[in-house]
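Chain and residue survey
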Amino acid sequence: MQGAGTGTVRVQGRRVLYGCSFAPMADRVVASTLACACAAAGGRVELTGCAPAVYAPLLEILAQMGCGIETGPESAVIVRSGALHGAGRVFTGVYPALATDAAPLLAAAMLCADSVSSIEDVVFERRFACADGFAAFGADVRVQQRTLHIRPVRQLQGAEAAAPDLRGGAALVIAALAARGRSRIADTGHIDRGYACFVQMLTELGAQIEREMPCGSTCEKKTPSKKQI
């Protein structure tokens, strides 16, 4: 196989295939979700098992916004204890640039910043369908073509919103974690398509969150280690 990471992948077939041992790469978007949740809500999270190099652009932006970031070969520690600052203009791109799926997640953290940010997604046309949900929390947001513009507000407020899609739904959950008061996110089936035991993960990080309806998947109880929001 040639061209991994580019726009074209060429595969040369063979008559016989052989068995092997293979470990799939960890999900960088799940890691990005938890990193952005920490940035938005505050606290400390240690993420292990996913090489920081695969989501380095997001970690670099969070560092510019005022988060403490420490990385190792297979782990990253994200700390947000003070003010969060705007990121200015941010763009997504093909790997290894900022992932398009991370755009709404990062935008949710930007809602909590004390200065302006904008994020443009050059991959998907309707990446920021979650903007209406952000506005329900009291955020000052505006979508212009492929760009989401964010202006600072004093405090997000709890609200009801509906997940418009997978990552937009996760972004609304992040915004709810940072908001003051109780929030309710509907249409969570979108979120379940991309996250295993999402509520359990956040609960183990200290979030006060529960499901009104079971997601239908079995979740093994895990012991949290060095993770806190």
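Above: the structure in question.
First, a word on what this report is: a plain description of the structure on this page. (Residues numbered from 1 in each chain as written. Predicted model: local features only at pLDDT ≥ 70, side-chain atom pairs only at ≥ 80, totals over all residues. Heavy atoms only, no water.)

1. Side note on the packing of helix H1 (residues 28–41) against helix H3 (residues 103–110)
Heads up, the rule is: Only the stretch in contact is used when a helix axis is fitted, and all axes are lines through C-alpha atoms; the angle between N-to-C directions ranges over 0 to 180 degrees. Each helix is a run of DSSP H or I of at least 4 residues and each strand a run of E of at least 2, with the numbering of both proceeding from the N terminus. Angles below 35 degrees are treated as roughly parallel, those above 145 as roughly antiparallel, those between 65 and 115 as roughly perpendicular, and all remaining angles as oblique. The contact rule is simple, with two residues in contact once any of their heavy atoms fall within 4.5 Å. For this scheme, ten residues count as nonpolar: Ala, Val, Leu, Ile, Met, Phe, Trp, Tyr, Cys and Pro. Four count as charged, namely Asp, Glu, Lys and Arg, and the remainder, Gly too, count as polar.
Put simply, H1 and H3 touch, their axes get as near as 8 Å, and they point 5° apart. Taken as axis vectors, H1 and H3 run roughly parallel relative to one another. Contacts between H1 and H3 involve Val29, Ser32, Thr33, Cys36, Ala39 and Ala40 from the former and Leu105, Leu106, Ala108 and Ala109 from the latter. Considering only residue class, the contact of H1 with H3 consists of eight nonpolar, two polar and no charged.

2. What to know about the state of the cysteines
Using the following cut-off: For the purposes of this analysis, a disulfide is any pair of cysteine sulfur atoms at a distance within 2.5 Å. Residue burial is assigned from relative accessible area. The probe radius is 1.4 Å, only protein chains are included, and a residue is buried under 20% of its type maximum, exposed over 50%, and partly exposed in between.
Inspection of the entire model under this criterion finds zero disulfides. With no disulfide of its own, Cys67 lies 6.4 Å from the sulfur of Cys38, the closest cysteine sulfur. Taking relative accessible area as the criterion, Cys67 reaches 7% and is therefore assigned buried.

3. Looking at the environment of Ala87
When you line up the elements, Ala87 lands in the loop between strand S3 (75–80) and strand S4 (88–91). Distance from Ala87 to Ala113, taken between C-alpha atoms, is 8.4 Å for residues 26 residues apart in sequence. The residues contacting Ala87, other than those within four sequence positions of it, are Ile61, Met65, Met110, Val116 and Ser117.

4. A short note on the pairing of strand S7 (residues 147–151)
Under the convention used in this document: Here the rule is simple: two strands pair whenever DSSP picks up at least two bridges between them.
Strand direction decides the pairing type here: strand S5 (residues 117–120) and S7, joined by four bridges, are antiparallel. Residue Ser117 lies in a different strand from S7, and its bridge partner there is Ile150. One ladder, built from five bridges, connects strand S6 (residues 140–144) with S7; its direction is antiparallel. By the bridge assignment for S7, Gln144 is matched with Thr147.

5. Regarding unusual backbone geometry
In this structure, the amide linkage connecting Tyr95 to the following residue, Pro96, adopts the cis form with an omega of 15°. Position of Pro96 among the secondary structure elements: in the loop between S4 and H3. In this model, Gln145 sits at a positive phi of 55°, which is unusual for a non-glycine residue. Secondary-structure assignment places Gln145 in the loop between S6 and S7. Despite not being glycine, Asp187 has its phi angle at roughly 60°, a positive value. Structurally, Asp187 can be placed in the loop between strand S9 (184–186) and helix H6 (189–192). On the basis of relative accessibility, which here comes to 49%, the residue Asp187 falls in the partly exposed class.

6. Overview of a nonpolar patch on the surface
This is how it is decided: Candidate patch residues must exceed 30% relative accessible area and have no salt bridge, after which like charges are joined if within 9 Å and Val, Leu, Ile, Met, Phe, Trp or Tyr side chains if within 5 Å. Reported accessibility uses the Shrake-Rupley method at a 1.4 Å probe radius. Residues are deemed covered only where the shown protein chains occlude them. For this analysis, a salt bridge means a side-chain nitrogen from Lys or Arg found within 4 Å of a carboxyl oxygen belonging to Asp or Glu.
Side chains of Phe91, Val122, Val123 and Phe124 sit close together on the surface and give an oily, nonpolar patch of about 340 Å² of accessible area. With respect to the helices, strands and loops of the structure, Val123 is situated in the loop between S5 and helix H4 (131–136). Its relative accessible area of 36% is what places Val123 among the partly exposed residues.

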